[in-house]
Amino acid sequence: MLLAYGDVDSGGRSRPERPAQDALTAWREDGRSRLRHRFQRAVDEGDLPSATDPDLLARYVMTVANGIAVRVTRYGHALREATLHAR
């Protein structure tokens, strides 16, 4: 997950000297797009309410997942220690 969020500070700007950053951004966008299509299928099949906005839901889920990933990269050592002490 750390690699997938290595460009968080870019502000969404594409720079020719940052091909890896652009690739990671495209990879995350592809994931959001796939999730959006899956939510649309769930709406179409009746698994989600018809009023569900698949794009908004996909953005929400990705935002939560990204936030968790960033927190783990910053505080993962504390989470591991807490888990070890909780056993």
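The structure this text deals with has already been given above.
Residues numbered from 1 in each chain as written. Predicted model: local features only at pLDDT ≥ 70, side-chain atom pairs only at ≥ 80, totals over all residues. Heavy atoms only, no water.

Undergrad: Lay out the overall build of the chain in plain terms, naming residues and giving numbers.
TA: From N to C terminus, the chain includes two helices and zero strands. Burial status across the chain gives 18% buried among its 87 residues. Contacts spanning at least 24 positions in sequence make up 30% of the contacts within the chain whose residues lie at least 6 apart. Carbon and sulfur atoms make up 59% of the accessible area of the chain, which amounts to about 6700 Å² in all. (Helix = DSSP H or I, 4+ residues; strand = E, 2+ residues; numbered from the N terminus. Buried < 20%, exposed > 50% of the residue type's maximum accessible area, 1.4 Å probe, protein only. Contact = heavy atoms within 4.5 Å. Areas by Shrake-Rupley, 256 points an atom, 1.4 Å probe, with all protein chains shown as cover.)

Undergrad: Lay out the environment of F39 in plain terms, naming residues and giving numbers.
TA: Note on placement: F39 falls in helix α1 (residues 19–44). You can call F39 buried: its relative accessible area is 15%. Counting along the chain gives 18 residues from F39 to L57, while the straight-line C-alpha distance between them is 7.7 Å. Ignoring anything within four residues of it in the chain, the contact list for F39 reads L48, P54, L57, A58 and V61.

Undergrad: So what's going on with a nonpolar patch on the surface? Residues and values would help.
TA: Together, Y60, V61, V64, I68 and V72 make up an exposed nonpolar region whose accessible area comes to about 440 Å². Along the polypeptide, V64 turns up in helix α2 (residues 54–86). (Patch = residues over 30% accessible without salt bridge, like charges linked within 9 Å, V, L, I, M, F, W, Y side chains within 5 Å. Salt bridge = Lys/Arg side-chain N within 4 Å of Asp/Glu carboxyl O.)

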